[in-house]
Amino acid sequence: MVQTAAKLVLEPIFEADFEPNAYGYRPERSAKDAVQEVHRGLREGYWEVVDADLSRYFDTIPHAELMQCLARRVVDGKLLRLIKLWLTAEVEARDEAGRVHRSGGQRSHCGTPQGGVISPLLANLYMNRFLKHWRREGKGRQFRARLINYADDFVILSAGRAAQALEWTSKVMARLKLSLNPVKTSIRDSGRQRFDFLGYSFGRERLRPPRSGWYLAAWPSKRSLAQFRANVAEVLCRSNVAPWAEIATVLNRKLRGWANYFSYGTTWQSYWAADWYVCDRVRGFLQRRHKVPTRGTRRFSDQYIYGRLGVVSLRTLRKSTA
């Protein structure tokens, strides 16, 4: 309740200060907006990409510098003290093996506890220092580049000066007491190499016949499809003994949610693969439940699954919203 109240007070204060190229955890902005902006930049000729990855951003935000950011706009000493106490509160969590891990505490000098209501706002506030510096120094013009940020993720699209942009970014992050992950941060040529951002992959794709040639595409990444399959498998597991109507409701909610986010770009191939997987899992689930001796392809056909059983088809959704 205290965190929620603090967020309601602070959010309108800082929202006006946030840079327009920041999309994370902001009203009337979304990850899909950031994805569309990246795709737009690629199509407009910003072909070279700094695919950046910050090392443990939420865990490394320095408290002293973060509090300075807050104090520039917040004059209520009690509210500032409350946030400081929250930043240094001890957090206890259990891992998958049941072991207890503690973090934070009075000796902690960095990090915002993830899962807190106010944590995304504070993370945006500190990242905004980097975004403002980029704009004020005219780096977009100097590096012929665009920077798109979502929470702790960002990419820099450049027309041939990505190496200079990455070098400058590394130095600025060091001054902010943050660091880029050298293993996961790279420079990509979008005309030859693919890269992922916010669950989407970007790169060249062939046009579908009868057209020929290539185009710069955006589509659900392999990791996003793998997570989709894991979510479907979790619903249709052997241990789920709920009535089919309840199972279908939960499954369809997940399917619609996935399709709602991955509705941009080139989706037909991903939707086809997702539909195939869902049908296969539903068929296997019902085969086991009803002890059908065969694979069940005749009894539980695709038409039966999408018709009588009421499972949502992503391809049908795509056609209805096209």
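Below: a short report on this structure. Remember, predicted model here, so these are calculated numbers, not experimental data.

## Side note on the nonpolar core
Nonpolar side chains in soluble globular proteins generally cluster together in the buried interior. Membership of the largest hydrophobic core comes to 48 residues, with the highest contact counts inside it found for Trp-244 and Val-282. Of all the secondary-structure elements, those providing two or more residues to this core are α2 (31-43), β4 (145-150), β5 (153-158), β7 (195-197), β8 (200-206), α9 (222-235), α10 (244-261) and α11 (268-289). Broken down by element, this core gets its largest block of residues, eight residues, from α11. Among all residues touching Trp-244, those that are not within four sequence positions of it are Leu-236, Val-282, Phe-285, Leu-286, Arg-289, Leu-309 and Val-311. Listed in part, the 44 residues of the second largest apolar core include Cys-69, Leu-87, Ala-165 and Leu-166.

## Here we look at the packing of α9 against α10
A packed helix pair is summarised by two numbers, namely the angle formed by the two axes and the spacing between the axes. Packing of α9 against α10 leaves a shortest axis separation of 10 Å and a crossing angle of 170 degrees. On the basis of the axis angle, α9 is roughly antiparallel to α10. Residues Ser-224, Leu-225, Phe-228, Asn-231, Val-232 and Val-235 of α9 pack against Ile-247, Val-250, Leu-251, Lys-254, Leu-255 and Trp-258 of α10. Broken down by class, the residue content of the contact of α9 with α10 amounts to nine nonpolar, two polar and one charged.

## With respect to the state of the cysteines
In total, this model carries zero disulfides according to the counting rule given. Free cysteine: Cys-237, not disulfide-bonded; nearest cysteine sulfur from Cys-279 at 19 Å. Taking relative accessible area as the criterion, Cys-237 reaches 22% and is therefore assigned partly exposed. Judged by its relative accessible area of 3%, Cys-279 falls in the buried class.

## Focus: the pairing of β5
Most of β5 is tucked away: five of the six residues are buried. Relative to β5, strand β1 (residues 48-51) is paired through four bridges, and the arrangement is antiparallel. Directly across from Asp-51, in β5, lies its bridge partner Val-155. Direction of pairing for β4 relative to β5: antiparallel, over a ladder of six bridges. Among the inter-strand pairings, Leu-147 is bridged to a residue of β5, identified as Ile-156. Hairpin connection from β4 to β5: two residues lie between these consecutive antiparallel strands, with Ala-151 at a positive phi of about 55 degrees.

## Observations concerning unusual backbone geometry
Across residues other than glycine, the phi torsion is negative in most instances, and most of the peptide bonds are trans. Along the chain, Pro-209 connects to Pro-210 via a cis peptide bond; the corresponding omega equals 15 degrees. Within the element layout of this structure, Pro-210 appears in the loop between β8 and β9 (214-220).

## What to know about the packing of α9 against α11
Packing of α9 against α11 leaves a shortest axis separation of 11 Å and a crossing angle of 20 degrees. When the axis of α9 is compared with that of α11, the two are roughly parallel. Along this stretch, α9 crosses α11, giving a crossing that reads as right-handed. Here Leu-225, Phe-228, Arg-229, Val-232 and Ala-233 of α9 come into contact with α11, specifically with Ser-270, Ala-274, Tyr-277, Val-278 and Arg-281. Considered class by class, the residues forming the contact of α9 with α11 number seven nonpolar, one polar and two charged.

## Here's the deal with the sheet that holds β5
The strand order across the open sheet formed by four strands is β4-β5-β1-β6, and the pairing between neighbours is antiparallel. In this open sheet, the two strands that pair with only one neighbour each are β4 and β6 (186-189). Here the average twist between neighbouring strands, direction ignored, is 20 degrees. The pairing of β1 with β6 spans four bridges and is classified as antiparallel. Considered in β6, the bridge of Val-49 is made with Arg-188. α2 rests against β1, β4 and β5 of the sheet, and its axis sits at about 165 degrees to β4. Across the sheet, helix α8 (residues 162-175) touches β1, β5 and β6, and the angle it forms with β5 is around 145 degrees.

What counts, and where the lines are drawn
Residues numbered from 1 in each chain as written. Predicted model: local features only at pLDDT ≥ 70, side-chain atom pairs only at ≥ 80, totals over all residues. Heavy atoms only, no water. Core = buried A, V, L, I, M, F, W, Y, C linked by side-chain atoms within 4.5 Å. Buried < 20%, exposed > 50% of the residue type's maximum accessible area, 1.4 Å probe, protein only. Helix = DSSP H or I, 4+ residues; strand = E, 2+ residues; numbered from the N terminus. Contact = heavy atoms within 4.5 Å. Axes fitted to C-alpha atoms, helices over the stretch in contact; angles between N-to-C directions. Parallel < 35°, antiparallel > 145°, perpendicular 65-115°, else oblique. Nonpolar A, V, L, I, M, F, W, Y, C, P; charged D, E, K, R; others polar. Disulfide = S-S within 2.5 Å. Pairing = 2+ DSSP bridges. Left-handed = near helix turned anticlockwise from the far one by under 90°.

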